[in-house]
Amino acid sequence: MQKRRLFIGLGILVLCILMLTVVACSNGPNSRPGGSGSNVTIPDPNENGIVTAKQWAEIHPDIYASYMENLKNDQMPSYLLQFPYLVTLYDGMGFAKDYNEARSHLYTLQDVAETARPHALANCLSCKSPELTVMVNTSGDSIYATDFAEIYGKISEPVSCYSCHANTNGDIVLSSKFLINALGADASKVNSNILACGQCHNEYYFDPDSKAVTLPWNGIDKMRPDDILAYYNSIKFVDFTNSISNTGMIKIQHPEMETVLGQGNKMQIMGGLTCSDCHMGIATNTAGDSYISHNWQSPLENQALIDSKCSQCHNNLAKTVGDIQSEITARETVVGQKIASLHQAIGKAAADGSKTDTELAELRSLLRDSQFYWDFCFVENSEGAHNSAFARNLLDKAEGLVDQALAKF
Ligand code: HEC
Ligand code: HEC
Ligand code: HEC
Ligand code: HEC
């Protein structure tokens, strides 16, 4: 697959937005399967500055049709019903009330509006609509702190073409400032098909003052869980206070990029596979032309992908993945239940005075760090498949810390 040029830096991005109709942003010779040649006239952007998916439909009918197939990925079973101990771990924050599995990119705006988790500010829309991204890039970080409902009323496009291509004809363009800022000079070290997804499939936090989406690292060497925890602890960052143990906690969100790129990954053994290699793949239309599927799905549901890209090394990919996922999920439950019992034990000790303040502070610190490692594994959407060694390592660390604390009772 031809590697796409990666446009980095807000300056270049803004320039590209301004020069949309000019060929300045197109990428030289166009030899893409399903591409419509280099003479594509890019439609005029909508009032929020994006060319919508629908506007691309005539130019890229196959890609558009595959994008719309994402509507079929519409199920979102509740994690809280599957794993009741989560209610204790997340007590005091929205995830204890409503926490469902993710579904496809086309539902982002619907899901963010329907969740029972409270969201006051527009920063919640960052990874839900490219229209918010354009607003931040043109009007600045103050958009993040704007009232949620005000911005929600102005936008209508879920994750779509602009999110990964800006308004270009299929070039990968990163438009999320927070990722560009965190990567700095390292942007060229990572494959752009990974970074495109890493704009949203990452661990982030809201800056306590500006409310801006911010990544807890600078440079990819600092993207490791140990360093991220050290960073959060150094700024005493608290996402929520668990109301059972009265502990200031960190909440992790979907760290797919960190896991895929993390220590122990087997991507190089597999020939340098990227997110799009495993989740998009080449499809063929009725006329026999091939195009890149934009139906983001599990590789296990994509037999054509398995046949063309995986089966030379995997004779039973479903089993390989299934074995890892059962092992990791079982272990998450064991460790998660220990963490739940530690919340209870600390809450009880604080109430009956059986531990001193110093002892309680030490226990809470172990609890906070343990749940950080556990959550980094639990909320990663592949359930260990992306990097089983990394997942095991996180659970080892989480269990070591929670055992150390429980031994003090
Ligand atoms: C602009 C933000 C954004 C980008 C970029 C993005 N995603 Fe997503 N992705 C999301 C969000 C948000 C969800 C969850 C949607 C929901 O549940 O409402 C999601 C869901 C998914 C799902 C479905 C998960 C499930 O459980 O069914 C897959 C698969 C996925 N993304 C893969 C990718 C891949 C591969 C890339 C890169 C090619 C990518 N995403 C880029 C935001 C993004
Ligand atoms: C979540 C990220 C993401 C979104 C959203 C997205 N794309 Fe893509 N697109 C990619 C990636 C990644 C590739 C490159 C895949 C590869 O090289 O394997 C790609 C490739 C392409 C290409 C080049 C295909 C080729 O033959 O080389 C075109 C054209 C394209 N996308 C158009 C679109 C259109 C139109 C939309 C909206 C309907 C869209 N994309 C939405 C990530 C995305
Ligand atoms: C080597 C192949 C491979 C690569 C590379 C890869 N994934 Fe995955 N991904 C998988 C497998 C296998 C699963 C588990 C699928 C299942 O449970 O059916 C998965 C699951 C997921 C899920 C959950 C999907 C669901 O339906 O529950 C998301 C989201 C996801 N990956 C995003 C990404 C992102 C983002 C990247 C790049 C940063 C990436 N993946 C890289 C193979 C890969
Ligand atoms: C060049 C050979 C090769 C190709 C091609 C390949 N894999 Fe793999 N894959 C491996 C090897 C080797 C392992 C490690 C097996 C083990 O640990 O038992 C592996 C492990 C995995 C794992 C588990 C990762 C982990 O950290 O334990 C997943 C998931 C996976 N492959 C998915 C895929 C998918 C999806 C494709 C096709 C898109 C693919 N692989 C293509 C060789 C390959």
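That block above? That's the structure.
Throughout this description, residue numbers start from 1 for each chain and increase along the sequence as written. Starting at A for chains and at 1 for ligands, labels are handed out in the order in which the entities are written. Reporting in this predicted model follows two pLDDT cut-offs: at least 70 for local features of residues, and 80 or more for side-chain atom pairs to be given and counted; totals over whole chains, interfaces and linings ignore these cut-offs and use all residues. As a rule here, side-chain values come from all non-hydrogen atoms in the structure, and water together with hydrogens is ignored.

**Student:** Hey, could you run me through the overall build of the protein chain in this one?
**Tutor:** Only DSSP runs of H or I reaching four residues or more are called helices, and only runs of E reaching two or more are called strands; each is numbered from the N terminus. A count of helices and strands for the protein chain gives 18 helices and six strands. With C-alpha atoms as the basis for the radius of gyration, the globule rule is written as 2.2 Å multiplied by the number of residues raised to the power 0.38. Whereas a compact globule of 409 residues would reach a radius of gyration of roughly 22 Å, the protein chain reaches 22 Å, a difference of no more than 12%. Viewed in the frame of its principal axes, the protein chain has a C-alpha envelope of about 75 × 50 × 40 Å. Relative accessibility thresholds used throughout: buried, under 20% of the residue-type maximum; exposed, over 50%; partly exposed, between the two (1.4 Å probe, protein chains only). Classification of the 409 residues of the protein chain by burial places 50% in the buried group. We call two residues in contact when some of their heavy atoms are within 4.5 Å. Considering only intrachain contacts with a sequence separation of at least 6, the fraction spanning at least 24 residues in the protein chain is 70%. By element, 55% of the accessible surface of the protein chain is carried by carbon and sulfur atoms, the whole surface being about 18,700 Å². His residues and chain termini do not enter the charge count, which takes Lys and Arg as positive and Asp and Glu as negative. All charge positions are set by atom: Lys at NZ, Arg at CZ, Asp at CG, Glu at CD. Separation between the mean location of the 30 positive side-chain charges and that of the 45 negative ones in the protein chain comes to 4 Å. Working definition of accessibility: Shrake-Rupley area with a 1.4 Å probe, residue cover restricted to the visible protein chains.

**Student:** Help me understand the site of ligand 1 in this model?
**Tutor:** We call a residue near a molecule or strand as soon as one heavy atom of that residue lies within 4 Å of the molecule or strand. His 105, Asp 111, Cys 197, Cys 200 and His 201 are the nearest of the 19 residues found near ligand 1. Side-chain atoms alone can form a polar contact between residues adjacent in sequence; in general such a contact is a pair of N or O atoms within 3.5 Å, and within protein one must be able to donate a hydrogen while the other accepts it. Between Asp 111 and ligand 1, the recorded distance is 2.5 Å, taken from a side-chain N or O atom to an oxygen atom. His 201 has a polar side-chain atom sitting 2.7 Å from a nitrogen atom of ligand 1. Elements with a minimum of two residues in the shell around ligand 1: α6 (108–114), α9 (161–165) and α11 (192–198). Residue composition of the shell around ligand 1, by class: 10 nonpolar, seven polar and two charged. In the scheme used here, Gly and all other residues not listed as nonpolar or charged are polar, with Ala, Val, Leu, Ile, Met, Phe, Trp, Tyr, Cys and Pro taken as nonpolar and Asp, Glu, Lys and Arg as charged.

**Student:** Can you help me understand helix α12 (residues 225–234) in this one?
**Tutor:** Residues lying three or four places apart along an α-helix face the same way, a consequence of the helix completing one turn every 3.6 residues. When α12 is considered as a whole, its buried residues turn out to be Pro 225, Asp 227, Ile 228, Leu 229 and Tyr 232. Here the buried face of α12 lies against β1 (205–206), α17 (357–378) and α18 (388–406). Phi turns positive, to about 50°, at Lys 236, one or two residues after α12.

**Student:** Quick question: what am I supposed to make of the coordination of the iron atom of ligand 4 here?
**Tutor:** When four donors bind a metal tetrahedrally, each ideal donor-metal-donor angle is 109.5 degrees, and when six bind octahedrally, the ideal angles are 90 or 180 degrees. A donor here means an N, O or S atom no more than 2.8 Å from the metal, or no more than 3.2 Å when the metal is Na, K or Ca. Since water is not included, a site may seem to lack partners. Those donors, Met 270 (SD) and His 314 (NE2), are the protein atoms that reach the iron atom of ligand 4, and they lie 2.0 to 2.3 Å from it. Residue classification places His 314 among the partly exposed positions, given a relative accessible area of 26%.

**Student:** For this particular structure, what's the right way to read the coordination of the iron atom of ligand 2?
**Tutor:** Around the iron atom of ligand 2, the protein contributes the donor atoms His 165 (NE2) and His 294 (NE2), at 2.0 Å from the metal centre. Every geometry call rests on angle ranges, with four donors termed tetrahedral when all angles are between 85 and 135 degrees, four termed square planar and six termed octahedral when opposite donors are over 155 degrees apart and all others are between 65 and 115, and everything else termed irregular. Here the iron atom of ligand 2 binds six donor atoms, and the angle range of 85 to 179° at the metal identifies the geometry as octahedral. Pair noted here: His 165 is in helix α9 and His 294 is in the loop between β6 (290–292) and α15 (303–310), with a separation of 129 residues, a long-range link. An identical accessibility class is assigned to His 165 and His 294; each is buried.

**Student:** So what exactly am I meant to see when it comes to the packing of α17 against α18 here?
**Tutor:** What describes two packed helices is the angle between their axes and the distance between those same axes. An axis is simply a line fitted to the C-alpha atoms; with a helix, the fit covers only the stretch in contact. Between two such axes, the angle follows the N-to-C directions and lies from 0 to 180 degrees. Closest axis-to-axis distance for the α17/α18 pair is 8 Å, and the angle between their directions is 160°. In terms of orientation, α17 lies roughly antiparallel with respect to α18. Read as a crossing pair, α17 and α18 show a hand that is left-handed. Listed contacts from α18 to Leu 363, Leu 366, Asp 369, Ser 370, Tyr 373, Trp 374, Phe 376 and Cys 377 of α17 are Phe 390, Ala 391, Leu 394, Leu 395, Lys 397, Ala 398, Leu 401, Val 402, Gln 404 and Ala 405. We call two directions roughly parallel when the angle between them is under 35 degrees, roughly antiparallel when it is over 145, roughly perpendicular when it lies between 65 and 115, and oblique otherwise. The handedness criterion is simple: a crossing whose near helix is rotated anticlockwise from the far helix by less than a right angle is left-handed, and one whose near helix is rotated clockwise is right-handed.

**Student:** How should unusual backbone geometry be read in this particular structure?
**Tutor:** As a rule of thumb, non-glycine residues mostly have phi less than zero, and peptide bonds are mostly trans rather than cis. Here the phi dihedral of Lys 236 falls at roughly 50°; this positive angle occurs in a residue that is not glycine. Structurally, Lys 236 is set in the loop between α12 and β3 (240–242). Using a relative accessible area of 68% as the deciding quantity, one classes Lys 236 as exposed. Despite not being glycine, Asn 246 shows a phi value in the positive range, around 55°. Mapped onto the elements, Asn 246 comes out in the loop between β3 and β4 (247–249). We classify Asn 246 as exposed; its relative accessible area is 51%.

**Student:** I would appreciate a short explanation of the nonpolar core in the present structure.
**Tutor:** In a soluble, globular protein the nonpolar side chains are often hidden away together inside. Counting residues in hydrophobic clusters, the biggest one holds 78 residues, and the most contacted among them are Leu 86, Tyr 90, Trp 374 and Phe 378. Counting residues per element, this core draws most heavily on α17, at 10 residues. Those residues in contact with Tyr 90, other than ones at most four positions away along the chain, are Phe 95, Ala 96, Tyr 99, Phe 240, Asn 242, Lys 251, Gln 371, Trp 374, Asp 375, Phe 378 and Val 379. Nonpolar cores were defined as sets of buried Ala, Val, Leu, Ile, Met, Phe, Trp, Tyr and Cys residues, with membership established by side-chain atoms within 4.5 Å.

**Student:** Looking at this structure, how should I read the packing of aromatic side chains?
**Tutor:** When we look at a pair of aromatic rings, we describe it by the centre distance and by the angle of the planes. Between the rings of Phe, Tyr and Trp (Trp by its six-membered ring), a pair exists once the centres lie within 6.5 Å; its type follows the angle of the planes, with under 30 degrees stacked, over 60 edge-to-face, and the other angles tilted. What the rule picks out here adds up to 22 aromatic pairs. Relative to Trp 374, the ring of Tyr 90 has its centre 6.3 Å away and its plane inclined at 55°; by these criteria the two rings are tilted. Of this pair, Tyr 90 sits in the loop between α5 (86–89) and α6 while Trp 374 sits in helix α17, placing them 284 residues apart in sequence. Overall, Trp 374 belongs to the buried group, its relative accessible area being 0%. On the numbers, 5.4 Å between centres and 85° between planes, the contact of Tyr 205 with Tyr 232 is edge-to-face. Here Tyr 232 lies in helix α12 and Tyr 205 lies in strand β1, a separation of 27 residues in the sequence.

**Student:** Looking at this structure, how should I read the pattern of salt bridges?
**Tutor:** Side-chain pairing between opposite charges can occur once the charged atoms of the two side chains come close. One speaks of a salt bridge when a side-chain nitrogen belonging to Lys or Arg is within 4 Å of a carboxyl oxygen belonging to Asp or Glu. Summed over the entire model, instances satisfying the criterion amount to 17 salt bridges. Lys 397 is paired through a salt bridge with Asp 226; the nearest N and O atoms lie 3.1 Å apart. Placement of the pair is Lys 397 in helix α18 and Asp 226 in helix α12, with a sequence separation of 171 residues. Here Lys 397 falls in the partly exposed class, since its relative accessible area comes to 29%. Judged by relative accessible area, which is 36%, Asp 226 ranks as partly exposed. Connected through shared salt-bridge partners, Arg 331, Lys 338, Asp 396, Glu 399 and Asp 403 make up one network.

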